[in-house]
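# Architecture and fold: a report
Residues per chain, in single letters:
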Amino acid sequence: MPQVKGSMFIMFATAVRADKSGAMDKFLTDKDRAVIAQRVLAGTWYPFETYKNCFTAVARVVAKDNPETLREWGRQYGEATMTSIYKIILQKKDARSAMTAYNSVFKSQFDFGKTEFKMVSDSEILIGLIGFDQNFTILHHVAQGWMERTIQLVINKPVRSEIAGHNWEGTPAVVFRLRW
């Protein structure tokens, strides 16, 4: 069963617990409710399905599935995380070395899936998010904003991004194109 580290799960579990309207309840299973009723710890592994359900509840109720809102969440959470917990990535001087370092961080947060990247030119990179549900588009928008802001912080230039496709050299993936 795929799992996610608590550090990626805490904010969604907290948001769901804080919802007193009940609007998020319809996205959760009894198992999800049991998991988030406990104290969520950053270093503990949690079921990816519960993470996905809580993520979906927050995205649908709070962000109303708005892709730009979700991307902005990714930018903000990416910056907060990269400037505090994963500062080593921001010590890199280019997109290639930042993504190499990012891959290590990614592996520490998910026990499945991976990211791959391909430098297209000195000012363009393709990043593939591999092994995640192709239909989990809310995650794709958040990840797009996260990658965009991370690379922007490393190269200190404005970065434009787009979801370029759902295929990475024959492997099921979501592909982000970043240009600067």
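Below: a short report on this structure. (Residues numbered from 1 in each chain as written. Predicted model: local features only at pLDDT ≥ 70, side-chain atom pairs only at ≥ 80, totals over all residues. Heavy atoms only, no water.)

## Focus on the overall build of the protein
Note the cut-off: Helix and strand definitions follow DSSP, with helices as H or I runs of at least four residues and strands as E runs of at least two, each counted in order from the N terminus. C-alpha atoms define the radius of gyration in this analysis, and the globule rule sets the expected value at 2.2 Å times the number of residues to the power 0.38. Burial status follows relative accessibility: with a 1.4 Å probe on protein chains alone, a residue under 20% of its type maximum counts as buried, one over 50% as exposed, and anything between as partly exposed. Whether two residues are in contact is decided by their heavy atoms, any of which lying within 4.5 Å being enough. Each accessible area value is a Shrake-Rupley result obtained with a 1.4 Å probe; residue values ignore everything except the protein chains displayed when judging cover.
When its secondary structure is counted, the protein shows 7 helices and 6 strands. Overall, the protein shows an N-to-C arrangement of helices and strands of β-α-α-β-α-α-α-α-β-β-α-β-β. Against the globule reference of 16 Å for 180 residues, the protein gives a C-alpha radius of gyration of 16 Å, in line with a compact fold. Over its C-alpha atoms, taken along the principal directions, the protein stretches across nearly 50 × 30 × 30 Å. Here the protein holds 180 residues, and 49% of them are scored as buried. Long-range contacts, defined here as pairs at least 24 residues apart, represent 62% of the contacts in the protein between residues at least 6 apart. For the protein, the exposed area adds up to about 8900 Å²; of that, 52% sits on carbon and sulfur atoms.

## What about unusual backbone geometry?
At Lys64, a residue that is not glycine, the phi angle is positive and equals roughly 55°. With respect to the helices and strands, Lys64 occurs in the loop between helix H3 (48-61) and helix H4 (67-82). Lys64 sits in the exposed class, given a relative accessible area of 63%. In this model, Asp65 sits at a positive phi of 60°, which is unusual for a non-glycine residue.

## Some remarks on the pairing of strand E4 (residues 124-130)
The condition that has to hold: A pair of strands is treated as paired once DSSP finds two or more bridges between them.
Judged by how many residues are buried, E4 sits mostly within the fold: 7 of 7 residues are covered. Residues Glu124, Leu126, Gly128 and Ile130 line one face of E4 and the alternating positions Ile125, Ile127 and Leu129 line the opposite face, and both faces are buried. Here strand E3 (residues 114-121) pairs with E4 via 7 bridges, running antiparallel. Across the sheet, residue Lys114 finds its bridge partner in E4, namely Ile130. In this structure, the hairpin formed by E3 and E4 is closed by a connection of 2 residues.

## Comments concerning the packing of aromatic side chains
Inclusion rule: Working definition: rings of Phe, Tyr and Trp (its six-membered ring) pair if their centres are within 6.5 Å, and the pair is stacked with planes under 30 degrees apart, edge-to-face with planes over 60 apart, and tilted otherwise. Whether a charge sits over a ring comes down to the Lys NZ or Arg CZ being within 6 Å of the ring centre and within 35 degrees of the ring normal.
A full pass over the atoms with the stated rule returns 17 aromatic pairs. Pairing Tyr51 with Phe110 gives two aromatic rings, centres 6.2 Å apart and planes at 70°, and the pair type is edge-to-face. Linking Tyr51 in helix H3 with Phe110 in the loop between helix H6 (95-109) and E3, this pair joins segments that are 59 residues apart in sequence. As far as burial versus exposure is concerned, Tyr51 and Phe110 are alike and both buried. The lysine or arginine in question, Lys52, covers the ring of Phe136, its NZ or CZ lying 5.3 Å from the ring centre.

## Focus on empty space enclosed by the protein
Quick reminder of the rule: Computed over the protein atoms alone on a 1 Å grid, cavities are sets of points where a 1.4 Å probe fits but cannot get out and pockets are open sets with protein on both sides within 12 Å along at least five of seven lines; a residue lines them when it has an atom within 4 Å of a point. Grid points are joined across faces, edges and corners, and a volume is the space filled by probe spheres set on the points. Charged means Asp, Glu, Lys or Arg here, nonpolar means Ala, Val, Leu, Ile, Met, Phe, Trp, Tyr, Cys or Pro, and polar covers whatever is left, Gly included.
Across all of its chains, the model carries 1 cavity of 30 Å³ or more by this definition. Here the largest cavity defines a volume of roughly 220 Å³. As for the largest cavity, its lining consists of 19 residues, and the residues nearest its centre are Met8, Tyr102, Phe110, Leu139 and Trp146. The leading source of residues in the lining of the largest cavity is helix H7 (residues 137-155), at 5 residues. Each residue belonging to the lining of the largest cavity can be placed in one class, and the counts come to 18 nonpolar, 1 polar and no charged.

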